[in-house]
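Structural features, examined
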Amino acid sequence: MKELIEKLIQEAKEEIARASTLAQLEELRVKYLGRKGSFTTIMQGLKDIPNEEKPAAGQALNHGKKSLESDLETKQHNLEQEELEKQLNDDTFDITRPGITFPVGHIHPLSRVQKEVEEIFGQMGFAVMDGPEIESEHYNFEALNVPKDHPARDMQDTFFVSSKHHEQHGRMVLRTQTSPTQIRSMEKYGAPLRAIMPGRVFRYEATDASHDSTFYQVEGLLIDKDVSLANLKGVMTEFLTRLFKRETKVRFRPGYFPFVEPGIELDMWCLLCNGKGCRVCKQTGWMEFMGAGMVHRNVLKAGGIDPDIYKGWAFGFGLTRLVMMKYGIDDIRHLMNGDLRFLEQF
Ligand code: DAH
């Protein structure tokens with residue numbers, strides 16, 4: 001009996017070794033070890049053999065079964081490996097092919113420059129403040145020393161908004177300038193104060209290459225006991241030099257804004273021709289940059305600050321125009337219309 005078993009095992013091992021596919025291997029497993037397989041049959045037959053042969057036969061059977069199981073497992077592993085290699089070899093997979101690209105957005109040029117502006121002023125000790133885009137006439141005009149009959153309030157310049165808070169706050173407008181935030185920050189933080197206030201502003205006007213109904217400004221305000229326009233000149237020269245990463249000069253000209261006295265216009269050195277005079281600066285060597293001046297007494301009072309103790313200067317420049325200058329953009333409308341053909345260039 002023992003010999004018979006050993007012969008069977010020998011046969012099975014050879015067949016397993018010869019198997020060349022996983023399917024064949026599975027067939028062999030069923031044939032020998034399956035429920036109706038040879039080993040099961042012999043196992044059932046054990047009871048009929050003479051008692052003295054039983055232990056040896058049983059042992060041979062168990063031993064053989066284990067050995068076959070291990071052969072099957074090894075063979076299966078090898079066949080799987082081969083199959084995988086074959087698949088890999090057959091596959092015409094080109095690892096140099098470009099992958100799937102996902103569209104990734106990026107920061108809008110206006111936001112990027114705004115951040116740069118905030119960083120530079122931040123380094124000079126200015127806080128960054130925010131104000132509402134829908135303002136009361138009080139903050140947008142009155143508190144800024146713009147009288148009731150001033151033409152800036154005309155329908156021509158201003159979007160008036162119908163509001164149920166009319167009674168409480170007066171008429172509401174889409175703010176025409178970031179200057180109302182000056183009053184809000186004075187009210188909130190008092191003096192001394194150093195802040196810039198970037199934001200979106202609105203004007204009711206026809207659009208063309210250099211005018212849009214929506215654009216961005218940056219307001220600046222410095223209030224302290226001993227302040228002069230010389231400080232403003234220093235701060236602005238430093239700011240523009242850092243922003244454009246090259247030596248820049250500024251100059252003052254007289255200008256009128258109701259909320260400052262004296263009021264000035266600040267020009268910057270034309271960066272295109274370095275002051276020599278070119279088409280862009282209309283041969284003057286200078287480019288108009290912003291309005292500024294010493295904060296009017298009435299404005300300090302409106303912000304709750306005593307003009308006999310404190311004084312200060314303020315400025316307002318067009319962030320949109322600055323971005324256009326920085327990147328050489330010739331039409332303001334590109335910056336707000338969301339056209340990807342334009343935006344993807346940045
Ligand atoms: N708010 C003005 C404008 O929109 C700009 C401006 C001028 C702001 C002079 C100021 C200033 O703070 O002092 O045209």
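Each chain has its residues counted from 1, running along the sequence as written. Since the coordinates come from a predicted model, pLDDT governs what is reported: local features require at least 70, and pairs of side-chain atoms require 80 or more to be given and counted, while whole-chain, interface and lining totals use all residues. Water and hydrogen atoms play no part in the side-chain values, which are based on all heavy atoms of the structure.

Remarks on the overall build of the chain
In this description a helix means any DSSP run of H or I spanning at least four residues, a strand means any run of E spanning at least two, and both kinds are numbered starting from the N terminus. Assigned secondary structure in the chain consists of 12 helices and 10 strands. Our radius of gyration is a C-alpha quantity, and the globule rule it is checked against amounts to 2.2 Å times the number of residues to the power 0.38. By the compact-globule yardstick of 20 Å for 346 residues, the chain is too spread out, its C-alpha radius of gyration being 43 Å. Overall, the C-alpha framework of the chain stretches about 125 × 50 × 40 Å when taken along its three principal axes. Here the chain, with 346 residues, has 40% of them falling under the buried criterion. For this analysis, residues touch if any pair of their heavy atoms sits within 4.5 Å. Here the contacts in the chain between residues at least 6 apart in sequence split such that 65% fall between residues at least 24 apart. His is not counted, nor are the chain ends, whereas Lys and Arg count as positive and Asp and Glu as negative. For the purpose of locating charges, the reference atoms are NZ of Lys, CZ of Arg, CG of Asp and CD of Glu. For the chain, the separation between the mean place of its 45 positive charges and that of its 51 negative charges on side chains is 4 Å. The cut-offs for exposure are 20% and 50% of the maximum accessible area for each residue type, with area from a 1.4 Å probe on protein chains only; residues under the lower value are buried, those over the upper are exposed, and the others partly exposed.

Examining the site of the ligand
Neighbouring residues are identified by heavy atoms, a residue being near a molecule or strand if any of them is within 4 Å of it. Near the ligand there are 15 residues, and of these Gln177, Ser179, Arg203, Gln217 and Glu219 occur at the shortest range. In the model, a nitrogen atom of the ligand is placed 2.8 Å from a nitrogen or oxygen of the Gln177 side chain. As used in this structure description, the phrase polar contact means that two N or O atoms lie within 3.5 Å; if the pair is within protein, one of them must be able to donate a hydrogen and the other to accept it, and residues adjacent in sequence are counted only when both atoms belong to side chains. At 2.6 Å from an oxygen atom of the ligand is found a side-chain nitrogen or oxygen belonging to Glu219. Elements with a minimum of two residues in the shell around the ligand: strand E6 (214-224), strand E9 (286-295) and strand E10 (311-318). Gly is placed with the polar residues, together with every amino acid not listed as nonpolar (Ala, Val, Leu, Ile, Met, Phe, Trp, Tyr, Cys and Pro) or charged (Asp, Glu, Lys and Arg). Tallied by class, the residues present in the shell around the ligand amount to six nonpolar, seven polar and two charged.

Overview of the nonpolar core
Judged by nonpolar contacts, the single largest core of 46 residues is most densely connected at Val117 and Phe239. At the level of secondary structure, the elements contributing two or more residues to this core comprise helix H5 (109-123), E6, helix H9 (229-244), strand E8 (260-269), E9, E10, helix H11 (319-327) and helix H12 (340-343). It is H9 that provides the largest number of residues to this core, a total of eight residues. Filtering out sequence-adjacent residues up to four positions away, Val117 remains in contact with Ile196, Val218, Phe239, Leu243, Phe317, Leu319 and Leu322. Side-chain atoms within 4.5 Å link the members of a nonpolar core, which is a set of buried Ala, Val, Leu, Ile, Met, Phe, Trp, Tyr and Cys residues.

Quick notes on the domain arrangement of the chain
Throughout the structure description, domain borders are defined by an automatic or database domain assignment. Per the domain assignment, the segments making up the chain are domain 1 (2-90) and domain 2 (109-132 + 175-343). Inter-centroid distance (C-alpha atoms) of domain 1 to domain 2 is 89 Å.

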